[in-house]
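Coordinate analysis (summary)
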Amino acid sequence: MLKRMFGFCLVGLGLFVSPAFAQERILNVYNWTDYIDTKLLEEFTRETGIKIVYDTYDSNEMLEAKLLAGNTGYDIVVPSGTFLQRQIQAGIFQQLDVHKLPNAKGIWQEVAARLAVYDPGNKYAVTYMWYTTGLSYNIDKVAQRLGVMPIDTWDIVFKPELIKKIADCGVYFLDSPEDLISVALRYLGLNPDSKKPDDIRKATSLIAQVRPYVKKFHSSEYINALANGDICLAIGWAGDTFQARTRAEDAKNGIKINYTIPKEGTLMTFDAFAIPKDAPHVSEAYRFIDFMLRPQVAARNSSITNYANGVIDSKPFVEKSVLENPAIYPDEGTMARLFTITPYDAQTQRLVTREWTRVKTGK
Ligand code: N2P
């Protein structure tokens, strides 16, 4: 009898803790495309029991539209600096409790200080990756068309007589007004952070002038398009470009891809993890950010995505070829050519959106 009762109790207990009855732990992550070592998602679940629903986007505008509409259900999002700043001001995020992020001790202080321009006191966000915008190209096809000239100047995309020569093998530009306008301003010798309507129009007119030679404005398709030879040049982001290089090498298709930071200088951007105020799974979100801050984990993300992360303690674990690539981890000389920008105010944003549509539609 006793034995039977004991057995019964055990069964009862078993049912009580069986996964079918235990509350499932979930985390909804919304991150950029091609921006993580996906194996880490499974490892996180295995370790914590938290299931990740992983969704992607390829533009800040897309993320912002969702955040402003509210009730996204997302627990983690990854805006870039200027957008982060506006979204903090709009009250979208919750303040982070750093005590819940023990691995924050490995954060790269110089990088955190740069992010603090957008998030004063680093209260709302933690840097994930940082990077530049530059020229991504197929070495052979561009050389066939431009000869021996070094591919190290924005002239290549902003001088009609040059871009015209490569248009036949396919040119993409990022669909990111902030990147393109700041770079065009810099090229024109104007302040890349200018909010003056006249300056913005000068920048968009420059881009509009070369619009006929641009096959597509898109912020993620250029990785495969470069890797499989569909295009020969893009204005793109460094990490994505080196991913294209790896894909071409894996495919053994003979396509050689390079990325340069033009000598006139370029934009440097910081993408950061933040938790929306209405996030349904806050403690799971902390677990995830802390996991991503683990030096070995951060290093794997950098080694796979070719983006520099925000954890200084990860450096010893980052693939040497990534760590020693100054287009990914800029040396001092490269750093000196990089600029950052601040967010557009509401009025300037309206102008930018209008101008950008005009540029893209060619009207
Ligand atoms: C990853 C793009 C990340 C840089 N594909 C843009 N925030």
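For the structure, check the block above.
So, a few notes on the structure that sits alongside this text. The numbers attached to residues start from 1 for each chain and follow its sequence in the written order. Whole-chain, interface and lining totals are the exception, using all residues; otherwise, since this is a predicted model, local features are given only for residues with pLDDT of at least 70 and side-chain atom pairs are given and counted only at 80 or more. Note that water and hydrogens are dropped before the side-chain values are worked out from all heavy atoms of the structure.

For each residue, the accessible area found with a 1.4 Å probe, counting protein chains only, is set against the maximum for its type, and the residue is called buried under 20%, exposed over 50%, and partly exposed in between. Helix and strand assignments follow DSSP, with helices taken as H or I runs no shorter than four residues and strands as E runs no shorter than two, numbered in order from the N terminus. The element strand E1 (residues 25-32) is extensively covered by neighbouring structure, given that 6 of its 8 residues are classed as buried. As defined by bridge partners, E1 adjoins strand E2 (residues 50-57) across 8 bridges and the pair is classed as parallel. Looking at the pairing, Val-29 lines up with Tyr-54 of E2. Orienting the strands away from the viewer, one traces the path from the first strand over the helix to the second; a clockwise path indicates a right-handed crossover. Once the chain exits E1 it traverses helix H2 (residues 39-48) before rejoining the sheet at E2, and the crossover so formed is right-handed. For E1 and strand E3 (residues 76-77), the ladder comprises 2 bridges, and the chain directions are parallel. Residue pairing for E3: Val-29 is matched across the bridge by Ile-76. Between any two strands, at least two bridges found by DSSP are needed for them to pair.

So, on to unusual backbone geometry. In the Ramachandran plot, Asp-34 falls in the positive-phi region, its phi being about 50 degrees despite a non-glycine side chain. Relative to the helices and strands, Asp-34 resides in the loop between E1 and H2.

Only heavy atoms are used to decide nearness, and a residue is near a molecule or strand if one of them lies within 4 Å of it. Every residue lining the ligand is accounted for by Trp-32, Thr-33, Asp-34, Tyr-35, Ser-80, Tyr-131, Trp-237, Asp-240, Asp-271 and Tyr-307. Note that a nitrogen atom of the ligand is positioned 2.9 Å from one of the side-chain N or O atoms of Asp-240. The separation between a nitrogen atom of the ligand and a polar side-chain atom of Asp-271 is 2.6 Å. Throughout, the Shrake-Rupley method with a 1.4 Å probe supplies accessible areas, and for residues the shown protein chains are the sole cover considered. Contact with the protein chains covers 99% of the free accessible surface of the ligand, which is 260 Å². We call two N or O atoms a polar contact when they sit within 3.5 Å, provided that within protein one can donate a hydrogen and the other can accept it, with sequence-adjacent residues counted only if both atoms are side-chain atoms.

On to the packing of H2 against helix H13 (residues 282-293). For helices, the fitted axis covers only the stretch in contact; all axes are lines through C-alpha atoms, and the angles between them, taken along N-to-C directions, range from 0 to 180 degrees. Close contact between H2 and H13 brings their axes to 11 Å; oriented N to C, the two are set at 125 degrees. With respect to H13, the axis of H2 lies oblique. Between H2 and H13 lies a crossing of right-handed hand. Facing Leu-40, Leu-41, Phe-44, Glu-47 and Thr-48 of H2, the residues of H13 in contact are Glu-284, Arg-287, Phe-288 and Phe-291. Here the angle decides the label: under 35 degrees means roughly parallel, over 145 means roughly antiparallel, 65 to 115 means roughly perpendicular, and every other value means oblique. Here a crossing is called left-handed whenever its near helix is offset anticlockwise from the far helix by less than a right angle, and right-handed whenever the offset is clockwise. A contact between two residues is defined here by any heavy atoms of the two lying within 4.5 Å.

In short, geometric facts, not functional conclusions.
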